[in-house]
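Chain by chain, the residues:
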Amino acid sequence: MNGAVNNGSVETSFVTPEIVRITFGHPSSNSLPRALLGELAKSIASASNQPQCRVIVLESAGTGAFCAGASFDELLSIENVADGEKFFSGFADVILALNDAPQVTIARVQGKCAGGGVGLACATDYTLAVDSAAVRLSELAIGIGPFTIGPIVKRRIGPAAFSELALSSEWRDSAWCHRHGLFTEIFPDVASLGGRLHDLSVKFSTYPQRATQQVKRMVGDGFSESLETLLAKRVRAVSELVVTPEAQALIRAAKK
């Protein structure tokens, strides 16, 4: 599936019948408007339903940022809670699609990663990044909070590291990310990352899918409620905040 969406794109390609690559892109540092999130969730779900597929690689276009997170233009266009729920549900849908996929999912992080992009990286099973990659949760600085991606990030790096990341709103380098498990492995450049990505993809493609799925479920054990239910609550919470005058003013200032 290949398609342009609101000046962005999502492309699906088969490296082999067992390995599927999904590439998203947007001119604004690979940020994610609602339409692009919807297309990305559909593409992941479609790949996960391919009988031969064993590995899904998630990557972004270009050599710059991996993902700048939510589209500021769309955040500013949200007028009520219902609109907010439609937008933030897009992130929840992508997280759930990655979480529910029976395949091993790998993120290729070639640059900086902010906000919702951190959630995408954490929603995959294995995250490969370059040394120059850094992450930031800046939501509090714009009057909201990392509610929708919070459950999956917290599961990945633990409560203490998540608290640090969410409250500081500062960039954390690749060493910090690797130390706390956000990045599984880090590499000096894109070429070496690509070589490791190829080798791991081939290796993971030999795993029986049923066993892989059971391991993924085991990793997710411990939630007091289902991820789907928890995400729905968080979507509502952030949607109530994003329409406040304070948040809108902070988002408008940050966009300049």
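Just so we're clear, the structure is a prediction, and the values are computed from it rather than from any experiment. (Residues numbered from 1 in each chain as written. Predicted model: local features only at pLDDT ≥ 70, side-chain atom pairs only at ≥ 80, totals over all residues. Heavy atoms only, no water.)

**Here we look at helix H10 (residues 227–242)**
Helical periodicity: at 3.6 residues per turn, an α-helix aligns residues three or four positions apart in one direction.
And step 1. A rise of 1.5 Å per residue sets the reference length of H10, with its 16 residues, at 22 Å; its end C-alpha atoms lie 22 Å apart and thus fit the reference within 8%.
And step 2. Among the residues of H10, Leu-227, Leu-230, Leu-231, Val-235, Val-238, Ser-239 and Val-242 are the ones counted as buried. Along H10, the residues classed as buried sweep out an arc of 165° about the axis, all on the same side.
And step 3. Residues of H10 that are buried make contact with helix H2 (72–77), helix H3 (81–100), helix H5 (150–157) and helix H11 (245–255). (Helix = DSSP H or I, 4+ residues; strand = E, 2+ residues; numbered from the N terminus. Expected span 1.5 Å × (residues − 1). Buried < 20%, exposed > 50% of the residue type's maximum accessible area, 1.4 Å probe, protein only. Arc of directions from axis to C-beta. Contact = heavy atoms within 4.5 Å.)

**Focus: the pairing of strand S4 (residues 55–60)**
And step 1. In terms of burial, S4 is a largely internal element, six of the six residues being buried.
And step 2. Both faces of S4 are covered, namely the face carrying Val-55, Val-57 and Glu-59 and the face carrying Ile-56, Leu-58 and Ser-60.
And step 3. Strand direction decides the pairing type here: strand S3 (residues 19–25) and S4, joined by six bridges, are parallel. Counted as the bridge partner of Ile-22 is Leu-58 from S4.
And step 4. Handedness of the crossover joining S3 and S4 through helix H1 (residues 34–48): right-handed.
And step 5. Where S4 lies against strand S5 (residues 104–109), five bridges are found, and the strand directions are parallel. Residue Val-57 lies in a different strand from S5, and its bridge partner there is Ile-106. (Pairing = 2+ DSSP bridges. Right-handed = clockwise from strand over helix to strand, strands pointing away.)

**Digging into unusual backbone geometry**
And step 1. The backbone of Ser-29 shows a phi angle near 50°, a positive value even though the residue is not glycine.
And step 2. Turning to its location among the elements, Ser-29 is positioned in the loop between S3 and H1.
And step 3. Residues other than glycine seldom take positive phi values, yet Ser-169 does so here, at roughly 55°.
And step 4. Considering the arrangement of structural elements, one finds Ser-169 in the loop between helix H6 (159–168) and strand S9 (172–173).

**Some points on the pattern of salt bridges**
Two side chains bearing opposite charge may form a pair once their charged atoms approach each other closely.
And step 1. What the rule picks out here adds up to nine salt bridges.
And step 2. Ionic pairing is found between Lys-255 and Asp-73, a salt bridge with its closest N-O pair at 3.2 Å. Here Asp-73 lies in helix H2 and Lys-255 lies in helix H11, a separation of 182 residues in the sequence.
And step 3. Through salt bridges that share partners, Glu-85, Arg-236 and Glu-240 make up one connected network. (Salt bridge = Lys/Arg side-chain N within 4 Å of Asp/Glu carboxyl O.)

**Observations regarding the pairing of strand S2 (residues 8–16)**
And step 1. Inspection of the sheet shows S2 paired to S3 by seven bridges, in the antiparallel sense. Residue pairing for S3: Ser-9 is matched across the bridge by Gly-25.
And step 2. Hairpin connection of S2 to S3: two residues between the antiparallel strands.

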